[in-house]
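Spelled out from the first residue to the last, the chains are:
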Amino acid sequence: MAEAERIIGTPDTPDAARAEQDRPGDDAAPGERSGSEPAQTPAGGSGADEQSAPAERPRGKRRIAVLFGVAAFAYALDLISKIIVVAELEHHDAIEIFGDWLRLDAIRNPGAAFGFGQAFTIIFTVIAAAVIVVIARLARKLYSLPWAIALGLLLGGALGNLTDRIFRSPGVFEGAVVDFIAPKHFAVFNLADSAIVCGGILIVLLSFKGLDPDGTVHKD
């Protein structure tokens with residue numbers, strides 16, 4: 001008889017049901033079992049978001065450092081080259097680099113890059129200052145290395161020519177820019193002009209590829 005009860009099982013009784021309910025374990029809801037606490041999600045988002053946010057801030061700071069590093073390099077090259085040209089080449093005969101195809105010939109240019117708009121010196125001075133302010137404000141949202149390089153070239157070139165317009169004759173904000181690179185059948189320019197043009201071309205290419213300054217890529 002005992003063997004038969006073991007095989008068939010003991011029928012449910014009120015005492016057995018109460019014992020089953022009182023036993024901790026399988027039917028307890030998650031977080032309600034003894035010795036455990038319900039899982040909590042941090043307020044304001046998931047843990048992955050909190051870990052990614054600090055990583056993005058140093059990344060943005062590195063891009064800003066690249067921007068101002070490129071700008072400082074371009075500005076220094078332009079400034080040093082102009083100091084040498086004014087001291088050694090101005091009021092002297094042009095120096096031929098590749099015959100008539102490329103010469104170094106110091107001139108004073110009151111206009112924009114490559115000698116355009118010589119009657120609007122003050123206007124170009126204001127534009128250069130505005131470009132510097134816009135780039136400085138845009139740097140706060142910069143997360144793209146190519147954009148950092150492009151904006152650095154623009155910033156360095158704009159600072160180079162703005163320095164001439166402020167400190168060179170004939171007067172403050174009316175100064176003539178020192179140009180000295182003279183290709184054949186082309187306008188005379190300087191390294192600041194070259195940096196501005198290269199930065200502008202790079203920005204056009206980045207925009208064409210759909211890369212934004214914040215590092216996102218969009219497709220039209």
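Anything mentioned here points back to the structure above.
Everything in this summary refers to the structure shown in the same document. Remember, it's a predicted structure, so these values are computed and weren't measured experimentally.

1. Some remarks on the environment of G152
1) Next: Among the structural elements, G152 can be located in helix α5 (residues 145–167).
2) Next: Taking the C-alpha atoms as reference points, G152 and F73, separated by 79 residues in sequence, lie 9.0 Å from one another.
3) Next: Those residues in contact with G152, other than ones at most four positions away along the chain, are L67, V70 and A71.

2. Observations concerning the packing of aromatic side chains
1) Next: Tallying each qualifying case throughout the model produces one aromatic pair.
2) Next: Between F186 and F189, the aromatic rings sit 6.3 Å apart at their centres with planes inclined by 85°, giving edge-to-face as the arrangement.
3) Next: Judged by its relative accessible area of 12%, F189 falls in the buried class.
4) Next: Directly above the ring of W101 sits K184, whose terminal nitrogen or CZ lies 4.7 Å from the centroid.

3. Some thoughts on the pattern of salt bridges
1) Next: Enumeration according to the criterion identifies four salt bridges in this entry.
2) Next: The partner of D164 in a salt bridge is K82, and the shortest N-O contact between them spans 2.8 Å. One end of the pair, D164, is in helix α5; the other, K82, is in helix α3 (residues 47–88), and 82 residues separate them in sequence.
3) Next: Classification of D164 as buried rests on a relative accessible area of 2%.
4) Next: Residue class for K82 comes out buried when judged on its relative accessible area of 0%.
5) Next: For E90, the salt bridge is made with R108, and the minimal N-O distance between the two is 2.7 Å. You can see E90 sitting in the loop between α3 and β1 (95–96) and its partner R108 sitting in strand β2 (residues 102–109), a full 18 residues away along the chain.
6) Next: Because the salt bridges share partners, they merge into one network encompassing D78, K82, D164 and R168.

4. Some details on the sheet that holds strand β3 (residues 177–183)
Paired through backbone hydrogen bonds, the strands of a sheet run either parallel or antiparallel to each other.
1) Next: A sheet is described by the order of its strands in space; here three strands give the open sequence β1-β2-β3, paired in antiparallel fashion. Of all strands in the sheet, those bounded by a partner on one side alone are β1 and β3.
2) Next: Taken together, the six bridges between β2 and β3 define a ladder with antiparallel strand orientation. By the bridge assignment, L104 is partnered in β3 with I181.

Procedures and definitions
Residues numbered from 1 in each chain as written. Predicted model: local features only at pLDDT ≥ 70, side-chain atom pairs only at ≥ 80, totals over all residues. Heavy atoms only, no water. Helix = DSSP H or I, 4+ residues; strand = E, 2+ residues; numbered from the N terminus. Contact = heavy atoms within 4.5 Å. Phe/Tyr/Trp six-rings, centres within 6.5 Å; stacked < 30°, edge-to-face > 60°. Buried < 20%, exposed > 50% of the residue type's maximum accessible area, 1.4 Å probe, protein only. Lys NZ or Arg CZ within 6 Å of the ring centre and 35° of its normal. Salt bridge = Lys/Arg side-chain N within 4 Å of Asp/Glu carboxyl O. Pairing = 2+ DSSP bridges.

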